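# Working through the structure, step by step
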Amino acid sequence: MSENPRGWILALAPPGTPRETPEPAGSAVTVAVARALLGAGPVAWAVQAALEMTEEIIARVPEHGGGPAPFATLRSSVESAVLLALRGLLEDVPPSAAAAAGAITEEAAAAGQEFARRGIPLDRVLRGVRIGHAHLHQALIAVIDGRPDPVRREENHRVSDLLFAYADAHASRLAEEYLAERARWEAGREAERRRIIDDLLAGRNVPTDSASATLGYELARHHQAFVVTADDRHTTGDLQRCAEDLSRAQAADGWLSLSVVPGRVWAWAGWRAKPAQGSPARRLRPPPGTRVAVGPVAFGPGGLRRSHFGAREAERVATATRTRWYDYADVRTLALATADDEQARWYAEDVLGSLLADDPRTRDLRETLRVYLACERSPQTAAEQLHIARNTVTYRVHRAEELLGHPIGDPMELRLALEIAGTLDRDPEPDR
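What this report covers is the structure whose coordinates are included nearby. None of the values given here were measured: they were computed from a predicted structure. (Residues numbered from 1 in each chain as written. Predicted model: local features only at pLDDT ≥ 70, side-chain atom pairs only at ≥ 80, totals over all residues. Heavy atoms only, no water.)

The periodicity of an α-helix, 3.6 residues per turn, causes residues three or four places apart in sequence to face the same way. Over its 23 residues, helix 7 (residues 122–144) extends 33 Å from the first C-alpha to the last, a length consistent with the 33 Å expected when each residue adds 1.5 Å. Taken residue by residue, helix 7 has Val125, Gly128, Val129, Ile131, Gly132, His135, Leu136, Leu140, Ile141 and Ile144 as its buried positions. (Helix = DSSP H or I, 4+ residues; strand = E, 2+ residues; numbered from the N terminus. Expected span 1.5 Å × (residues − 1). Buried < 20%, exposed > 50% of the residue type's maximum accessible area, 1.4 Å probe, protein only.)

Structure, rendered in structure tokens:
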């Protein structure tokens, strides 16, 4: 009896144990329909392949990234496309027949709409489709190459031709949804608000009265900016409510929030009279999974811009810490010192020398010396803050001096260099 030429599809299975296989990212309906036709093994293979494709697309087209929520959207779209392609390959039907039978899922449509709202250029979206198609084609051909002739020869050409047709159909569907959503978005008030904010942040002249009317927020006032970010447990509405709570806590006269990408909101609180120094909002605890970066208070359209970039600098400098509240006032010196990465590294190298070595022991010496100097050279206070013995502090300070090559003199430059060193190995978050 001759081998079923398409039986290899039903034999697909991911490497590793079932416990190591990732959970599906697509809708329960899409996965259930695919399992009913393909079986559990091929669906698990498709889920694993889609995850790898998603990671490769983001690595090569970074615009698709930006946090857990964008990753999940892209992965769901890719996974539905892989499952649809496997079903088409098994049944040997072209995309047009699959569409007529109602087999095309909605994940691609939803992804195309989100890509438009995020402002990802369409050519970058389609490049992601091409990268995913190439990855899937290579993976399937590798499986086919392990089959005996004549299955290998017959399936190689069939799969290549049919898979290209599915990739083309997927790209067309994405583009249609993208363009339709982009047209709706461009015509909407939210798009106009975003354009005004973009102009303000770019330092362009904006008619204050008309811009204030469109934004629903008076620009001729004192502003304090917030950048609120979160993982995928929180919706945009959650983040906007968090920003509103922060504004209310400071008795602001008004507030403005703008969703940038899923999991990220820009917001401003405003006052007609300059608020007193100190932030009552600091006493608030952001919801679990959320982080808030705060800019300085500044006046007028230029102040809105100034405060926003201060909040983003606070986020940049403090993002590696475990705190959920980043205040520009706490890090402005370090933000200035590290604005030019190369110059900052040179400065730290010049001041610290061998004490800048990247190994755990030297990092402990740097941190101990940093806390010791911040505690006005009190070994006991430093020991209490670091939760180590006083003698350990003394030993580490002496060892740090040996690596510096001289005793500690004026600590100003040394303290700044130690703070810079703490930022050098951090992975900055994407500019979103």
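Here we take up the nonpolar core. By size, the foremost hydrophobic cluster in this structure holds 53 residues, and its most contacted members are Ile197, Trp268, Leu352, Leu369 and Leu414. Take this core: its biggest share by element is six residues, from helix 18 (residues 411–424). Residues within four places of Leu369 in sequence aside, it is in contact with Leu355, Val397, Ala400, Leu404, Ile408, Leu414 and Leu418. Of all hydrophobic cores here, the second largest spans 43 residues; its members include Val31, Ile57, Phe115 and Ile120. (Core = buried A, V, L, I, M, F, W, Y, C linked by side-chain atoms within 4.5 Å. Contact = heavy atoms within 4.5 Å.)

We now examine helix 18. Taking 1.5 Å of rise per residue, 14 residues should cover 20 Å, and helix 18 covers 20 Å from first to last C-alpha, within 8% of that figure. Looking at the buried residues of helix 18, the elements they touch are helix 12 (300–318), helix 13 (328–337), helix 14 (341–352), helix 15 (360–374) and helix 17 (390–404).

It is worth spelling out the pattern of salt bridges at this point. Close approach of charged atoms allows side chains of opposite charge to pair. All chains considered together, the criterion is met by 22 salt bridges. Note that Arg158 is salt-bridged to Glu155, the shortest N-O span being 2.8 Å. Linking Arg158 with Glu155, this pair stays in helix 8 (residues 151–187), spanning three residues, or about one helical turn. Per residue, the accessibility class of Arg158 equals that of Glu155, and both read buried. Salt bridges linked by common partners bring Glu218, Arg221, Asp253 and Arg272 together as one network. (Salt bridge = Lys/Arg side-chain N within 4 Å of Asp/Glu carboxyl O.)

Not every positive phi belongs to a glycine, and Asp92 is a case in point at roughly 55°. Along the polypeptide, Asp92 turns up in the loop between helix 4 (68–91) and helix 5 (95–100). The residue Ala251 is not glycine, and still its phi comes out positive at about 55°. Residue position: Ala251 is located in the loop between helix 11 (236–249) and strand 2 (254–261).

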